[in-house]
Amino acid sequence: MDLGSLAKEAVSRLDSVHSPESLEAFRVDYLGRKGKLTRLFDSLKGLSGEERRSKGQELNELKRLLEEKVKAKAGSVTSSGSKKDSGFDPTLPGLRPPLGRLHPLTQTIREINGIFERLGFEVVEGPEIETEFSNFTALNIPQDHPSRDSFATFYLQSETGRESPLLLRSQTSTVQIRVMQKRKPPLRVVAPGRVYRPDQVDASHSFMFHQIEGLMVDDRTTFSELKGVLQFFLRELFGPGTRIRFRPHFFPFTEPSAEVDVNCFLCQQKGCSVCGGKGWLEVLGAGSVDPSVFEQVGYDLKRVQGFAFGLGVERITMLRHGIPDIRFFFENDLRFLRQF
Amino acid sequence: MKISTNWLKDFVTVSPPLEGLADRLTMAGLEVKKIETRPDLKDTVFEVEVTTNRPDWLSHLGVAREIRAVENTGLKLPPFQNPEHRPMPSGWRIDLKEAEGCPYYSACLIEGVEWRETPDWMRNRLAASGLRPINLIVDITNYVLLEGGQPLHAFDADLIRGKEIQIRCAKPEENFLAIDGSRHVLSAEDLVIADKERTVALAGVMGGKESEVNERTRNLLLESAFFHPRWVRKTSLRHGLASESSYRFERRVDPESVDFGRERAIYLFRELTGARMVSATLKAGRKPTPAKSRIHLSLEQVKKILGMEIKPSQIHSTLTRLGLEPKNEGPEAWGVGIPSYRPDLERPIDLIEEVARIIGYDKIPETLPSRPPAEAEPHPLRQLEEKTQDFFAGAGLFETVTFSLVNPNSFDSSGIDLLGAERIHNPIHQELTLLRPSFLVSFLETQSRNERAGERTVTLFEVGNLYSKAHGNDSREEKSLGILLAGDREKGWSDSKRNLNFFDLKGLVESYLDLLGIEAYSFSPQEISFLEESAVLKVKNETLGILGKVSARAQTAWDLRHPSFLAELSLEKLLRHIPPVKKFREIPRFPAIERDLSIVVEDSVTMQEIVHHIERLGKGLIRRVELFDLFRGGRIPKGQKNLAFRVTYQSLEKTLLSEEIQRLHEAIASEIAGKFQAAFQKKV
């Protein structure tokens, strides 16, 4: 065998070496005391000077090459070779980057905003500290209405020089007023935000919660369109098969007014504790904007009509995720937040 | 309100099953919340929710009227006809002094009442409606109240002094003992019924103990009146006194039912008590008339609002079923007469709602608006809010929603001045009176709660308003970002653990500012009352926020395990420094050269001073100066620190020559060494 084929053979054999044991066998086979190269070196003794020197050089090069390759291979077979020997354990936990969360209320608000944005609504905001005008008067709530009482609305401590008391808005309907005072129709807006009422805190009440208000105004918006828009919205949110009913109700700032129910998806309308045995869940208040509201913001009654609606973000989030107690939202227990 | 379905049968046809009727009422706006069978009373009770615009539903007759409309059936009134000629009560007079609080008052004398048992049918109906039978006289007045909605009051006529009834404002400091035994000191704003000497009833709210009917009562003075809703409500609130009567007066009683209710009661007194004599009625004042007794409505209006086709005959018949009186004013227009029990109907829109709800909202088709959406305004603050939430949630923090109202005492250990803070005038708890000026206490409370639950790392953020008094008389709410870091830096099993610190917080803020495209920001040390190791964030000399370590005092006050690091930034101020559109900048095509620079300086020298200086000396070729090591101790003398920088040189125009940069770098290094008078090590 000439040196060239020997080199080829050695290199190809080395390729199939995958363990320290077989590598050692390979080393002994070629480079060991009785190895193939050692034997070739021995055979040089019988050669003449010139030939011996050139063959010797070639042999030395091959020996150095193989020694290097064995050394290199030694590194790789020990570090990633047989499972038995290495410490690699793929069941060790992955090194995760920390994972944060958006608050579940934020997630619900964004989802709802997103549905309305697809219908051409614009997301707007308004102040939490409000006037009696925006929170009551402009919304057609009479001067002596109980919701103006101090057990129904938080008032701010009066400051000298304030003409009329300031309050914490008790509903996001105030944003309707702000938007209409500033802009002319056509309008399509939704307004999410915090609202405040002096309720005692329990599993379903909190003195601070979130609402989303919606308003659409132009010269021809009908009650039929209110039904269409809310049906689209509720089926997007609760699923395409959702059954919806509009029940007449009363709000001072809409007329005709409705409460909107969806079928109780928890009991398939058989009646459960969440729907109070009724099979329906109330999720929205809505109606055509009362003309007196348009009057308050200085719109021309002959040229405008529209609808408004409002929903409680906590309630919708609780229903969708099966959260039994509103207090979870404000405790911010990481074990709760991590779930969403 | 509880409605006995047996009772309803006196007035309308109630066709079984009752569940069907309940459902139809609910879908017409009179929600039946519960159907309760009462085998003990042989009755079924509807619990209905009465909306504030429909006080006429607060009676069985009112609900029966609604059933007439919904079921399209007839309506029969209960008997209330009494002998026409009745003698005037001799010597009695009514003196109406306060006509705003009481526009209309009537009373009559019923003599020779015999005490009998209340008949079972009446007891059962009262019980079904949730009222406890008391005695026949009171039961009859309660029965009439529940039946037709008119509150009545029966005085023992022999206990009224001077045969005189005055309707007047109370005298200041006047004492009053109510039937329920509660004592009240009256004010001049209370409307009272008085005899010649003293107050005998708080008008519309509750009668007085001293003139209450009792077993010895033989002669009654029966009062039926219209009291102004606001007067009754104020008095009821002022004295914490509420009754079935005040509940209805507050919501407005039908003025016509004053006479109807009185006559119905007299009928029952004559039937059930054997009353010998009933006097003619003494009246004072005038019945208020509704603002509008006729409303004009057109088919066009109905169609335009509802968005549906509807026949004129349908509108006419619906209005008629409701007890309204539509008169044709052309083929598609009506003048609609409004009865006194519907003062809520004032405008065409009110009638459109009536038509819609009786026809049924479910008959109105759903359509989607086909007009293009209106032009929107830009909302940069909202966009910033969303971007902020996404960044910090992505960076591993948890978004919180904490209360805007907090306990002012929890700021005690903070040193925050609450003089400029807004407060609640009527808090529900004495603790929650302050509109928060800072996220501090909300966050520390959340940290504390989570530490107690065993969390080792608490990293929070919130986007919400902070509140303060503004200049002048205004109030200010500022959309702000709060961040809190506390506990272990979350690292996996392969890394060593350490506590989160100031620079984790600062780094977060820096990355956030980079994301927003804000350049030229700086952090300068500044004392902040509730923070230690604190700094302010400035952009172009405007302070946008603060950050630092929460003071040890607060830390102790909240009993926290880990040091907390807090940042508060004003999003509204931040917004002004965000470039509207990020402009493209050329990407350098020529290679960069890095050189290290190490320097030992006094602790008082800030890194920023050195960096600024290096950059100034860089002849425009320095692209970046990064600190990659800070070392204290070892061979570095106490009070000094070793800073190691990596300086990156790069030109936009050409490839820099290594030798050229080496010379520049050495010049900078020696200049820096000289300037900051520190030991200087050269690294290759």
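## Details of the overall build of chain B
So, point 1. When helices and strands are counted, chain B shows 18 helices and 31 strands.
So, point 2. Over its C-alpha trace chain B gives a radius of gyration of 40 Å, far above what one expects of a compact globule, namely 26 Å for 684 residues.
So, point 3. The C-alpha extent of chain B, read off along each of the three principal axes, is 125 × 65 × 50 Å.

## Side note on the overall build of chain A
So, point 1. Counting its secondary structure elements, chain A contains twelve helices and nine strands.
So, point 2. For chain A, the C-alpha radius of gyration of 40 Å lies well beyond 20 Å, the compact-globule estimate for 340 residues.
So, point 3. When burial is assessed residue by residue, chain A has 39% of its 340 residues classed as buried.
So, point 4. A sequence separation of at least 24 residues applies to 64% of the contacts in chain A between residues at least 6 apart.

## A short note on the interface of chain A and chain B
So, point 1. Contact residues are listed per partner, giving 71 residues for chain A and 70 residues for chain B.
So, point 2. At eight residues, helix 8 (residues 223–238) of chain A tops the list of elements feeding residues into the side of chain A that touches chain B.
So, point 3. Looking at the side of chain A that touches chain B residue by residue, the class counts come to 34 nonpolar, 18 polar and 19 charged.

## Examining the pairing of strand 6 (residues 244–251) of chain A
Residue and element names in this part refer to chain A.
So, point 1. Counting buried residues in strand 6 gives seven out of eight residues, a clear majority hidden from the surface.
So, point 2. In this structure, strand 6 lies alongside strand 7 (residues 254–263), joined through seven bridges in antiparallel fashion. Pairing of arginine 245 across the sheet is with aspartate 261, part of strand 7.
So, point 3. A loop of two residues connects strand 6 with strand 7, the two strands running antiparallel in sequence.

## A short note on the sheet that holds strand 16 (residues 294–298) of chain B
All names here are of chain B.
So, point 1. What the three strands build is an open sheet, ordered 16-18-17; its pairing is antiparallel. Lying at the two open borders of the sheet, with one neighbouring strand each, are strand 16 and strand 17 (325–328). Adjacent strand axes in the sheet meet at a mean angle of 30°, parallel and antiparallel pairs treated alike.
So, point 2. Relative to strand 18 (residues 333–337), strand 17 is paired through four bridges, and the arrangement is antiparallel. Directly across from proline 326, in strand 18, lies its bridge partner valine 336.

## A word on the domain arrangement of chain A
So, point 1. Segmenting chain A into domains produces domain 1 (3–80) and domain 2 (104–337).
So, point 2. The distance between the C-alpha centroids of domain 1 of chain A and domain 2 of chain A comes to 84 Å.

## Here we look at helix 7 (residues 173–182) of chain A
All names here are of chain A.
So, point 1. Where burial is concerned, most of helix 7 is hidden: seven out of the ten residues are buried.
So, point 2. Turning to helix 7, its buried residues are Ser173, Thr174, Val175, Gln176, Ile177, Val179 and Met180.
So, point 3. Taken together, the buried residues of helix 7 touch strand 2 (129–131), helix 6 (132–135), strand 4 (187–196), strand 5 (208–218) and strand 9 (305–312).

## Here we look at the domain arrangement of chain B
So, point 1. What the domain assignment lists for chain B is domain 1 (2–71), domain 2 (93–285), domain 3 (294–362), domain 4 (381–575) and domain 5 (593–681).
So, point 2. Using C-alpha coordinates to define each centre, domain 3 of chain B is positioned 86 Å away from domain 5 of chain B.

## Description of the sheet that holds strand 8 (residues 280–289) of chain A
Residue and element names in this part refer to chain A.
So, point 1. Spatial strand order, 1-4-5-9-8-7-6: seven strands in an open sheet with mixed pairing. Each end of this open sheet is capped by a strand with a single partner; those strands are strand 1 (122–123) and strand 6.
So, point 2. Bridge analysis of strand 1 against strand 4 gives two bridges, and the strand direction is parallel. Bridged to glutamate 122 within strand 4 is valine 189.

## Here's the deal with helix 6 (residues 229–239) of chain B
Residue and element names in this part refer to chain B.
So, point 1. Buried residues of helix 6: Trp231, Val232, Arg233, Thr235, Ser236 and His239, and no others.
So, point 2. Structurally, helix 6 contributes buried residues whose contacts are with strand 9 (183–185), strand 10 (191–194), strand 11 (199–202) and helix 7 (244–251).
So, point 3. After helix 6 finishes, the residue glycine 240 shows a positive phi value of roughly 60°.

## Considering the nonpolar core
So, point 1. Core analysis: the largest hydrophobic core is formed by 105 residues, its most contacted members being Leu230 and Ala286 of chain A.
So, point 2. Non-local contacts of leucine 230 of chain A, meaning those with residues more than four positions away in its chain, are made with Val260, Leu284, Ala286 and Phe309 of chain A.
So, point 3. Counting residues in hydrophobic clusters, the runner-up holds 62 residues, among them Leu166 of chain A together with Ile416, Tyr467 and Leu500 of chain B.

## Remarks on the packing of helix 5 (residues 136–148) of chain B against helix 8 (residues 257–273) of chain B
Each pair of packed helices can be summarised by the angle the axes make with each other and by the distance between the axes.
Residues and elements named next belong to chain B.
So, point 1. At a minimum axis distance of 10 Å, the contact between helix 5 and helix 8 shows a crossing angle of 140°. On the basis of the axis angle, helix 5 is oblique to helix 8. Of the two possible hands of crossing, helix 5 and helix 8 adopt the one that is right-handed. Two secondary-structure elements touch here, helix 5 through Leu136, Ile140, Thr141, Tyr143, Val144 and Gly148 and helix 8 through Ser257, Phe260, Gly261, Arg264, Ala265, Leu268, Phe269, Leu272 and Thr273.

## Examining the environment of serine 522 of chain B
So, point 1. Along the chain, serine 522 of chain B turns up in strand 24 (residues 521–525).
So, point 2. Residues serine 522 of chain B and alanine 535 of chain B, spaced 13 residues apart in sequence, show a C-alpha to C-alpha distance of 9.6 Å.

## Some thoughts on the environment of glutamine 555 of chain B
Residue and element names in this part refer to chain B.
So, point 1. One can find glutamine 555 in helix 15 (residues 552–557).
So, point 2. With 20 C-beta atoms counted inside 10 Å, the residue glutamine 555 sits in the buried group.
So, point 3. Each C-alpha atom of the pair glutamine 555 and proline 343 lies 61 Å from the other, and the pair is 212 residues apart in sequence.

About the criteria used
Residues numbered from 1 in each chain as written. Chains lettered and ligands numbered in written order. Predicted model: local features only at pLDDT ≥ 70, side-chain atom pairs only at ≥ 80, totals over all residues. Helix = DSSP H or I, 4+ residues; strand = E, 2+ residues; numbered from the N terminus. Rg over C-alpha atoms; globule rule 2.2 N^0.38 Å. Buried ≥ 20, exposed ≤ 12 C-beta atoms within 10 Å, placed from the backbone. Contact = placed C-beta atoms within 7 Å. Nonpolar A, V, L, I, M, F, W, Y, C, P; charged D, E, K, R; others polar. Pairing = 2+ DSSP bridges. Axes fitted to C-alpha atoms, helices over the stretch in contact; angles between N-to-C directions. Domains from an automatic or database assignment. Core = buried A, V, L, I, M, F, W, Y, C linked by C-beta atoms within 7 Å. Parallel < 35°, antiparallel > 145°, perpendicular 65-115°, else oblique. Left-handed = near helix turned anticlockwise from the far one by under 90°.

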